[in-house]
Amino acid sequence: MEAFLLGLQLVFNVETMLVIFAAAIFGVFVGAVPGLTATMAVALLVPITFYMDPTPAIAAIVTTSAMAIFAGDIPATYLNIPGTPSSAAYVNDSHLLAHKGRARETLGMNLICSVFGGLFGTLILVFVSPSLAEVALQFSSFEYFWLALLGLSCSIFISIGSRVKAFLSLMIGLLLSTVGLDMMSGAPRFTFGIPDLMGGVNFIPVMIGMFALNELMLFYGSRNEGRELPYLSKDSVFKQAPKHIKAYWPNMIRGSSIGTLIGALPGAGADIAAWISYAVGKGRSKQKQSYGTGHVEGIVDASSANNSGISGAWVPALVFGIPGDSITAIVIGVLYMKGMNPGPTIFMDGTGLIYALFIVFFLANLIMLPIGYAAIKSAKVFILTPRKILMPIILCFCIVGAFSINNSITDVWIMLLIGFIASILARCDFPMAPAILGLVLGTTLENSFMSSMLKSNGDLLSFFSRPISAGLGALVILLWLSPLITMAYKKFKHNSQHKAPRIS
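The name an unreviewed UniProt entry assigns to the protein chain is Tripartite tricarboxylate transporter permease, from the organism Vreelandella maris.

Roughly 810 Å³ of volume is contained in the second largest pocket. Around the second largest pocket, the lining comprises 37 residues; the ones closest to its centre are Phe203, Tyr336, Leu439, Val440 and Thr443. Elements supplying a minimum of two residues to the lining of the second largest pocket: helix 9 (163-177), strand 1 (180-181), helix 10 (203-220), helix 14 (326-337) and helix 19 (433-455). Here the element with the most residues in the lining of the second largest pocket is helix 19; it accounts for seven residues. The class makeup of the residues in the lining of the second largest pocket is 21 nonpolar, 13 polar and three charged.

Attention now goes to the pattern of salt bridges. If charged atoms from side chains of opposite charge come close, those side chains can pair. If you walk through the whole model with that rule in mind, you get five salt bridges. Between Arg102 and Glu105 there is a salt bridge, with the nearest N and O atoms lying 2.8 Å from each other. In this structure Glu105 comes out as buried when scored by relative accessible area, which is 8%. Members of the salt-bridge network, linked through shared partners, are Asp182, Arg189 and Glu446.

Phe203, Met210, Trp314 and Leu318 are the most contacted members of the largest nonpolar core, which has 116 residues in total. With 15 residues, helix 15 (residues 353-377) is the largest single contributor of residues to this core. Not counting the four nearest positions on each side in its chain, Trp314 is found in contact with Ile58, Val62, Leu125, Thr328, Val331, Leu357 and Phe361. Within the second largest apolar cluster, 16 residues are counted, among which are Ala89, Tyr90, Ala241 and Tyr278.

Its identity as a non-glycine residue notwithstanding, Phe190 has a phi of 55 degrees, on the positive side. The residue Phe190 is located in the loop between strand 2 (188-189) and helix 10 in this model. In this model, Asn457 sits at a positive phi of 55 degrees, which is unusual for a non-glycine residue. Checked against the element boundaries, Asn457 lands in the loop between helix 19 and helix 20 (467-497).

Where helix 2 (residues 14-32) meets helix 15, the axes come as close as 10 Å, and the angle between the chain directions of the two elements is 50 degrees. On the basis of the axis angle, helix 2 is oblique to helix 15. Once helix 2 is placed against helix 15, the crossing between them reads as right-handed. Contacts between helix 2 and helix 15 pair Met17, Ile20, Phe21, Ala24, Ile25 and Val28 from the former with Leu363, Ile367, Ile371 and Ala375 from the latter.

How each quantity is defined
Residues numbered from 1 in each chain as written. Predicted model: local features only at pLDDT ≥ 70, side-chain atom pairs only at ≥ 80, totals over all residues. Heavy atoms only, no water. 1 Å grid on protein atoms, 1.4 Å probe; cavity = no way out; pocket = protein on both sides within 12 Å on 5 of 7 lines; lining within 4 Å. Points joined across faces, edges and corners; volume = space filled by probe spheres on them. Helix = DSSP H or I, 4+ residues; strand = E, 2+ residues; numbered from the N terminus. Nonpolar A, V, L, I, M, F, W, Y, C, P; charged D, E, K, R; others polar. Salt bridge = Lys/Arg side-chain N within 4 Å of Asp/Glu carboxyl O. Buried < 20%, exposed > 50% of the residue type's maximum accessible area, 1.4 Å probe, protein only. Core = buried A, V, L, I, M, F, W, Y, C linked by side-chain atoms within 4.5 Å. Contact = heavy atoms within 4.5 Å. Axes fitted to C-alpha atoms, helices over the stretch in contact; angles between N-to-C directions. Parallel < 35°, antiparallel > 145°, perpendicular 65-115°, else oblique. Left-handed = near helix turned anticlockwise from the far one by under 90°.

As structure tokens, this is what we get:
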């Protein structure tokens, strides 16, 4: 109880509340501009959070990400351009409803479902995380090795598109994680005589380069800047909301549940949660043919999953130190900067920081309602802001942000190099999430493996000697074999269906 009261004091003060409000405005603005993602917004915030106390720093990230995910629906509805990747699942429905003069009604349901999904995911986070932390306290290097491997494997199997490209993206991240001093011999690896690389590749410049600078390069490499706003409707934002909630409340609960579950899988994130929830909703709907033609039900399914996926991604990040998505990958770096080591011990520190985090989640989702309503009313301002004005400002943020972490010009060069490589990969449809997870979890994977090998004198069977370790190992192997099992099952089913009947 004392820790909870400390958490209240950490949140309900002038500094933290102002940060939450400012972050909400910033998140809406970034999310509503096509091409500027929630991850990019969070990456740009990191250099600023370096000078904040832990609670305002985390509050800024939580609020920005929640608001940006919702705000991505604004350009999706009016322009048929998703502001963030998580809005892409239902962009056709939103835009076609805007054609019918129901844009504000659509965005009103997006807003309500986003708030509901965020609060639902936060409740799961509050009640599930402490219980999981008690289990995680029993984890040794064997379990953490399998957990890291599970997270890396999930990033490949859950990625949208080619798994080969996802695997290659993961390898790039793992390669970056090997830069620095070898933990066993102390020998430098891939440092090329640069002293600043002895401690490894700094995580923040890579994040800024991979998301923010990547978007800049893609923008300047594209000639598509002109855009119009043909469907400015003046319908009511919430007038039809009670009718839709009454009709589709099961979809809201199902979408929020799917979003939280998918969000908790390392490497998944809100965009994949939205696609899966949309697909499941379509499969269970009585009006399947209406999906994709301007139907509110599909919007309810997917937008409920968006923000619940954000909360779900924090479960593995807080309990195991394994990011659920690219945003929590950044958050883990911020937590380490602030002296809060992600893992089960974060729930036992007694400083009230974990309760402050939970309270911030509730506030971030509740403040979404009034600020989101204002954003819907003033949508034209956000959408028509020229990106040719925004992009140079963002470039300045990128350079200052990369340099300010360690006051090192090497970090700026790393950011530029990674941004250039990421822009090439993005043009070839390589997913970025596996590379980020490879960088974040590569060190954990290597250290856990080497520690386990030392403990067991090189006996690989020791990775299966503990019950939890054996269970996680079996799960990872089953995940690897799942494509072969699926292929064999389909082949067996096909053969059984086309088997010629016997003539008696």
